[in-house]
Amino acid sequence: MKILAVTACPSGVAHTYMSAEAIKVACKKAGIDCKVETQGSIGIEDEIGPDDLKGADAVILTTDMPIKNVERFEGLPKVKVRAGVAIKQADALIAKVSAALKDRA
Amino acid sequence: MKLIDEGLVRLDVKASTKEEVISLLADSLDCEGRLEDRDQYVLDVLAREKEFSTSIGFGVATPHAKADSVRVASLGFARLARPLLWGEDEVSMVFQIAVPLAEAGERHLQILASISRRLIHEDFRTRLAAAKTAREVLELLAE
C-alpha cells in the first residue's frame, strides 16, 4: 500500500511540518509506503511527482489552506483532514485510510 | 540574532491559563527587542488560538503568529511547573513562535520547520521534559 499526503497551514511554519511528520511516522509504524509533500513558508518541499503517483492508493490533503496543484491527484481517492487532527490522531487516520483501501480492494 | 537564546527559555513556569503563558513568553520576546508591538503580538497569537487550538497533543502546544507585530523570527520555550488545560488538552510544554509577516531569511523558518517535525518524536519530547537547564534545552534544539 502507498499513501501520499500534502500538508499546509495558514502560517506555514508549524502545523504544516508537524502534520507531515506525524503522517510519516504513523505510516512507518503501519508498514505503509508514503511520501509527504509540505507546502509551507519555505516553499514546496518533497514535491510529489509523476513517479510518486505511480502505484499510489490514496492521498491525504490537509484542509486548513488550499492545496496547490491538486489536479495531479485526479482519480485518486482523497482523504481531507485538518492538520491538527492529522497531528493528534495520525495513527487512527492511517488505520482508517488503510482499512478503507482494503475494503475497496 | 539567533532564533532562540537563553533569555527565551523559561523552565518551571507557574501559570494557570494559556493566556498567562502566551503573555509571559511575549514579555521574554519583547524584552529582547524581537517584537514591534508586544500587545498586538499577543492579540495575534490569541486570534490564531481562537481559530484552532495549537495544542498538538502529547502535552505540547505551539502558539504562533506570523504578523507585522513581530520584528525578528523567534522561538520561546516554556516548561510548566504544572500542566494546564489548553483547549481540550493538558499541556506542559509550550513552544511559542513569532515570525514577521515578510520573513526574508529562510534559515529561521527552516529551523522552525525542523523543530516542528522533531516535536512529533517521543524521544525528543522526553529529553526536553528532562532537561535541567535552559542551556540543555538550547543544546537539544540545536542538535
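Quick caveat, the model's predicted, so the values are computed rather than measured. (Residues numbered from 1 in each chain as written. Chains lettered and ligands numbered in written order. Predicted model: local features only at pLDDT ≥ 70, side-chain atom pairs only at ≥ 80, totals over all residues. Heavy atoms only, no water.)

## A few points about the nonpolar core
The nonpolar side chains of a soluble globular protein tend to be buried with one another. Spelled out, the test is: By convention a nonpolar core is built from buried Ala, Val, Leu, Ile, Met, Phe, Trp, Tyr and Cys residues, the set being connected through side-chain atoms within 4.5 Å. Per-residue accessibility, obtained with a 1.4 Å probe over protein chains only, is compared with the maximum for each type, and a residue is labelled buried under 20%, exposed over 50%, and partly exposed between these values. Throughout, a residue-residue contact means that at least one pair of heavy atoms, one from each residue, lies within 4.5 Å.
Core analysis: the largest hydrophobic core is formed by 72 residues, its most contacted members being Ile60(A), Val21(B), Tyr41(B), Phe95(B) and Leu128(B). Leaving out residues up to four positions away in the same chain, Ile60(A) has contacts with Ile3(A), Leu4(A), Ala5(A), Val6(A), Ile23(A), Val79(A), Val81(A), Leu93(A), Ile94(A) and Val97(A). In terms of nonpolar packing, the next biggest core, distinct from the first, is built from ten residues, Ile48(A), Val59(A), Leu61(A) and Leu76(A) among them.

## Examining the environment of Asp91(A)
All names here are of chain A. Note the following rule: Strands here mean DSSP runs of E at least two residues long; helices mean DSSP runs of H or I at least four residues long; both are numbered from the N terminus. Two N or O atoms count as a polar contact when they lie within 3.5 Å, although within protein this holds only if one can serve as hydrogen donor and the other as acceptor, and sequence-adjacent residues are included solely when both atoms are side-chain atoms.
With respect to the secondary-structure elements, Asp 91 resides in helix α4 (residues 90-104). Between the C-alpha atom of Asp 91 and that of Ala 22, which follows or precedes it by 69 residues, the distance is 8.3 Å. Apart from residues no more than four positions distant in its own chain, Asp 91 is found in contact with Ala 26 and Lys 29. Side chain to side chain, Asp 91 and Lys 29 meet in a polar contact 2.9 Å long.

## Brief notes about the environment of Ala131(B)
Residues and elements named next belong to chain B. Within the secondary structure, Ala 131 sits in the loop between α4 (122-130) and α5 (134-142). Linking Ala 131 and Ser 92, residues 39 residues apart in sequence, is a C-alpha distance of 13 Å. Contacts of Ala 131, omitting those with residues within four sequence positions, involve Arg 79, Glu 136, Val 137 and Leu 140.

## Thoughts on the pairing of strand β5 (residues 74-86) of chain B
All names here are of chain B. The criterion, for reference: Following DSSP output, two strands are said to pair if at least two bridges run between them.
The pairing of strand β1 (residues 9-13) with β5 spans three bridges and is classified as parallel. Looking across to β5, one finds that Val 9 is bridged to Phe 77. Judged from the nine bridges that link them, β5 and strand β6 (residues 89-100) form a sheet pairing that is antiparallel. Across the sheet, residue Gly 76 finds its bridge partner in β6, namely Gln 96. Here β5 folds back onto β6 in antiparallel fashion, the turn holding two residues, of which Gly 87 has a positive phi close to 65 degrees.

## Here's the deal with the interface of chain B and chain A
Short version of the rule: What counts as buried area is the accessible surface, traced by a 1.4 Å probe, that two parts surrender upon association, with contributions from both included. We define a salt bridge as a side-chain nitrogen of Lys or Arg found within 4 Å of a carboxyl oxygen belonging to Asp or Glu. Amino acids outside the nonpolar list (Ala, Val, Leu, Ile, Met, Phe, Trp, Tyr, Cys, Pro) and the charged list (Asp, Glu, Lys, Arg) are all regarded as polar, and Gly is one of them.
Listed by partner, the interface residues are 24 residues for chain B and 20 residues for chain A. In terms of surface lost to chain A, no three residues of chain B exceed Phe52(B), Arg117(B) and Ile120(B), which account for 32% of the buried area on that side. Here chain B and chain A share two salt bridges between them. Looking at the side of chain B that touches chain A, the elements that each hand over two or more residues are α2 (38-51), β2 (55-57), β4 (64-67), β6 and α3 (106-119) of chain B. The residue makeup of the side of chain B that touches chain A, split by class, is ten nonpolar, eight polar and six charged.

## A closer look at the pattern of salt bridges
Residue and element names in this part refer to chain A. The tally for this structure, following the rule as stated, stands at 17 salt bridges over all chains. Put simply, Arg 82 and Asp 64 hold a salt bridge, and the shortest N to O gap is 3.6 Å. Here the residue Arg 82 occupies a position in the loop between β5 (78-81) and α3 (83-88), and Asp 64 occupies one in the loop between β4 (58-62) and β5, the gap between them amounting to 18 residues. Take Asp 64: its relative accessible area is 17%, and that puts it in the buried class.

## Considerations on the state of the cysteines
Using the following cut-off: In this description, the term disulfide denotes a pair of cysteine sulfurs within 2.5 Å.
Within the structure shown, the criterion is met by zero disulfides over all chains. Here Cys9(A) stays free of any disulfide, with the sulfur of Cys34(A) as its closest cysteine sulfur at 18 Å.

## Topic: the sheet that holds β4(A)
Residues and elements named next belong to chain A. How we decide: Lines fitted to C-alpha atoms define the axes, with helix axes restricted to the stretch in contact, and inter-axis angles between N-to-C directions lie between 0 and 180 degrees.
Strand order in this open sheet of five strands is β3-β2-β1-β4-β5, and the pairing throughout is mixed. The outermost strands of the open sheet, each flanked by one partner alone, are β3 (43-45) and β5. Each strand of the sheet is rotated relative to its neighbour by a mean of 15 degrees, with strand direction disregarded. Note that strand β1 (residues 2-7) and strand β2 (residues 33-40) share six bridges and pair parallel.

## Some words on the packing of aromatic side chains
Residues and elements named next belong to chain B. Note the threshold: Centre distance within 6.5 Å is the pairing criterion for rings of Phe, Tyr and Trp, where only the six-membered ring of Trp is used; planes under 30 degrees apart are then read as stacked, over 60 as edge-to-face, and the remainder as tilted.
Throughout the structure, instances matching the rule amount to one aromatic pair over all chains. Taking the centre distance of 4.8 Å and the plane angle of 45 degrees together, the rings of Phe 77 and Phe 95 count as tilted. With Phe 77 in strand β5 and Phe 95 in strand β6, the pair connects residues that are 18 residues apart, well separated along the chain. Both residues of the pair, Phe 77 and Phe 95, count as buried.

## Regarding the confidence of the model for chain B
Condition: Confidence scores labelled pLDDT are given residue by residue by the predictor and lie between 0 and 100.
With 98% of its residues at a pLDDT of at least 70, chain B reaches an overall mean of 93. At the level of chain-chain contacts, confidence expressed as ipTM amounts to 0.89, with global pTM at 0.88.

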